[in-house]
Structures are given as C-alpha cells and as structure tokens.
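# Understanding the architecture of this molecule
Listed below, chain by chain, are the residues.
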Amino acid sequence: MADITASMVKELREKTDAPMMECKKALTEADGDMAKAEEILRVKLGNKAAKAATRIAAEGVVGIHIAADGKLGAIVEVNCETDFVAKNDDFQAFTKAMAELVAQQNPADVAVLSGLAFGGATVEATRTALVGKIGENMSIRRFARIEAKGRLASYIHGGAKIGVLVDLVGGDETLAKDIAMHIAASKPKALDASGVPADLLETERRIAVEKAREAGKPEAMLEKIAEGTVQKYLKEVTLLGQVFVKAEDGKQTIEQLLKAKGASVAAFQLYVVGEGLEKRSNDFAAEVAAQAAAAAAR
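Let me begin by describing the structure that accompanies this report. (Residues numbered from 1 in each chain as written. Predicted model: local features only at pLDDT ≥ 70, side-chain atom pairs only at ≥ 80, totals over all residues. Heavy atoms only, no water.)

### Observations concerning the overall build of the protein
Each helix and strand in the protein was counted, giving 12 helices and eight strands. In the protein, which comprises 298 residues, the proportion classed as buried is 39%. For the protein, restricting intrachain contacts to residue pairs at least 6 apart in sequence, the fraction spanning at least 24 positions comes to 63%. Surface accessibility of the protein: about 16,200 Å² in total, with carbon and sulfur atoms responsible for 54%. (Helix = DSSP H or I, 4+ residues; strand = E, 2+ residues; numbered from the N terminus. Buried < 20%, exposed > 50% of the residue type's maximum accessible area, 1.4 Å probe, protein only. Contact = heavy atoms within 4.5 Å. Areas by Shrake-Rupley, 256 points an atom, 1.4 Å probe, with all protein chains shown as cover.)

### Considerations on unusual backbone geometry
One non-glycine residue, aspartate 31, lies in positive phi territory at about 55°. Residues other than glycine seldom take positive phi values, yet asparagine 106 does so here, at roughly 50°. With respect to the element layout, asparagine 106 can be found in the loop between helix H5 (89–105) and helix H6 (110–114).

### Points about the packing of aromatic side chains
Throughout the structure, instances matching the rule amount to one aromatic pair. Plain terms: the ring middles of phenylalanine 94 and phenylalanine 118 are 6.5 Å apart, the flat faces sit at 80° to each other, and that makes the pair edge-to-face. One end of the pair, phenylalanine 94, is in helix H5; the other, phenylalanine 118, is in strand S3 (residues 117–118), with 24 residues separating them in the sequence. Phenylalanine 118 sits in the partly exposed class, given a relative accessible area of 24%. (Phe/Tyr/Trp six-rings, centres within 6.5 Å; stacked < 30°, edge-to-face > 60°.)

### Considering the pairing of strand S1 (residues 59–66)
The buried fraction of S1 amounts to six of the eight residues, a majority that puts the element mostly inside the structure. If you look at the hairpin formed by S1 and strand S2 (residues 72–80), you'll find five residues sitting between the two strands, and glycine 70 has a positive phi there, around 75°. (Pairing = 2+ DSSP bridges.)

### Examining helix H11 (residues 254–261)
Those residues of H11 lying buried are Ile254, Leu257 and Leu258. One side of H11 holds all its buried residues, which, seen down the axis, span an arc of 95°. Across from the buried face of H11, at angles greater than 90 degrees, the exposed residues are Lys259 and Ala260. If you follow the buried residues of H11, they end up packed against strand S7 (162–169), helix H8 (173–186) and strand S8 (264–272). Count one or two residues on from H11 and you reach glycine 262, which has phi positive near 65°. (Arc of directions from axis to C-beta.)

### Re the sheet that holds strand S5 (residues 138–147)
The strand order S1-S2-S5 describes an open sheet built from three strands, whose pairing is antiparallel. Both outer strands of the open sheet, S1 and S5, are each paired with one neighbouring strand and no more. Strand after strand, the sheet turns through a mean of 15° between neighbouring axes, direction not considered. Where S2 and S5 come together, nine bridges link them in antiparallel fashion. (Axes fitted to C-alpha atoms, helices over the stretch in contact; angles between N-to-C directions.)

### Regarding the sheet that holds strand S6 (residues 151–157)
Taken together, the three strands give an open sheet; going across it, the order is S6-S7-S8, and neighbouring strands pair in antiparallel fashion. A single partner strand is all that each edge strand has here, and the edge strands are S6 and S8. Along the sheet, successive strands turn relative to each other by an average axial angle of 15°, direction set aside. With eight bridges joining them, S7 and S8 adopt antiparallel strand pairing. Along S8, the bridge assignment pairs valine 169 with serine 264. Each of S6, S7 and S8 is contacted by H8, which is oriented at about 140° to S7, the strand it contacts most.

### As for helix H2 (residues 20–29)
Taken residue by residue, H2 has Cys23, Ala26 and Leu27 as its buried positions. Down the axis of H2, the smallest arc covering the buried residues is 100°, so these residues share one side. Counted as exposed and oriented over 90 degrees from the buried face of H2: Met21 and Glu29. Immediately beyond the C-terminal end of H2, within one or two residues, lies aspartate 31, with a positive phi of roughly 55°.

Now the structure itself:
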C-alpha cells in the first residue's frame with residue numbers, strides 16, 4: 001500500500017476543497033492515485049470535488065490576432081512567473097506579436113515557432129533576450145490557428161487571462177461578440193457532443209453509477225440513471241447545449257440562439273492562462289525572506 005503523506009493530502013484538498021480526513025480516506029482507498037482519489041471524492045461529495053478544473057495555476061497572458069478580412073486568426077498563450085511581469089508592456093507586445101506570426105507563418109508547433117525569424121533574430125533569441133531584460137523566465141506554451149469558414153471574432157477578459165477566438169458563419173458582429181463572451185464565461189469543452197473526449201463521458205457515467213448504487217437505487221435502473229447524467233453533463237460542457245448567458249428567459253440555448261439568427265459556429269478556441277499548470281507554492285514574501293536568509297548565510 002502506498003504511503004499517504006501530508007503533502008499528498010494537502011494537494012488533494014487544494015484540488016477539491018474536500019475535508020482533510022475525507023481526502024486522506026480517498027487517497028488510502030485509491031492507494032495513492034491522485035486522479036482516482038479525486039474521482040472517489042466526486043462520488044461521495046458531488047461536483048464540488050471537480051473544483052480544480054477551473055483553477056488558474058500559472059501566470060501569463062493570451063494574445064489574439066485576426067487578419068483585416070476576418071478570415072484568418074491565431075490565439076497564443078505565453079506564460080511567465082508572476083502577474084507583475086504579465087502586465088509588462090514588452091511581455092504583452094511579444095505575446096501579441098507571436099499571435100500575428102502564428103497566423104502568418106502557420107508553424108506546426110512551438111518548436112517550429114521558436115525557430116522562425118523575428119525582429120532580426122529568431123523567436124527563441126528574442127524570447128531569451130526578453131528574459132534577460134525582464135529578469136524572469138517566460139515560455140510560449142501553446143497556440144491555435146483558425147482559417148475561418150465564416151468570419152472570426154475574439155474576446156479577451158480579465159487582463160488577458162482568458163481569450164476566445166470564434167468562427168461564426170452567418171449572423172452579425174453583435175452575435176459573434178456575444179458568442180465569444182459566452183464562451184469566456186461558460187468555458188465549454190467542445191462545440192457539440194462529438195467533440196467531448198470519450199474518457200470524460202466514461203468517467204461521468206462511472207461516477208453516476210456509483211453514486212446511484214450508494215443511494216440504494218435498483219441495479220436495473222443504474223444504466224438509465226447514468227445515461228441521464230451523461231446527457232445533462234453534455235448540455236453543461238458543449239457550446240451548443242449550454243444556456244446562453246444573456247438569455248432573457250434563462251432557457252434559450254446557444255443552439256437555439258444560432259438557429260434564430262440563421263447562423264452557426266464552425267469552430268472556436270478558448271484559452272485560460274495557466275489551465276492545468278502547477279503554480280509555484282511559495283509566495284513573494286516567503287521568497288524574499290528565503291533570499292535574505294541565503295545572503296546572510298553566505
């Protein structure tokens with residue numbers, strides 16, 4: 001059996017906001033498997049244990065570039081160590097320039113992007129020089145490029161911590177902006193059910209079965225209950241299934257809104273800065289104290 005350490009319990013508690021003892025029990029039952037322990041807590045405590053999925057875990061900004069004709073665009077995330085640097089003009093200018101370069105050059109990945117010519121040098125050389133100037137590490141994390149079937153629209157929120165690029169076919173500029181804002185607020189995982197990873201659906205199905213079983217539901221009803229749960233989940237995580245955030249009746253879905261406007265969404269890309277990354281655990285005050293102690297020791 002795996003040794004369940006205090007740090008493991010702390011990590012699971014931070015991810016799920018579940019009580020300390022529940023975290024320890026879940027880790028013990030999962031034999032130290034963090035993902036399995038989180039799933040166990042979701043069965044016992046509900047969706048509160050999925051809280052980690054929305055947490056921002058690193059600093060940086062999202063940059064977006066759209067060509068003048070609205071037919072070509074790119075979105076890029078560049079990370080740094082602190083929010084202070086994320087607000088730096090040079091850092092933000094570099095991020096926006098990377099989005100434009102991605103749109104124009106269509107690199108296959110970050111490695112190829114890093115080798116492209118930029119500002120009389122390469123992207124990597126420019127990044128390295130900027131690190132030296134700012135005094136903090138920074139990295140290009142990811143990017144996406146969209147050649148529109150309709151016309152592109154974008155939305156940046158929260159000091160460029162959330163960025164959306166959406167390809168709207170039909171409709172108008174107001175609708176495009178509304179859809180982009182909705183995506184930023186509701187954070188869909190896919191356009192429709194076909195884009196939701198099978199493993200996520202299987203996890204939801206398995207959790208639903210276990211919760212129903214623990215509630216004493218008949219075995220014959222478990223699959224029906226699980227299917228209902230999966231369908232509810234799909235409405236929550238697919239753009240077309242979500243209720244429009246500005247719906248006056250609180251019921252109109254994005255799919256219904258688009259149909260009423262004679263429009264459709266061909267594609268979208270949502271970036272939330274630091275999503276899935278691990279933030280440094282030490283705070284600024286502790287870091288300064290540590291540096292002062294190290295200097296005194298020398």
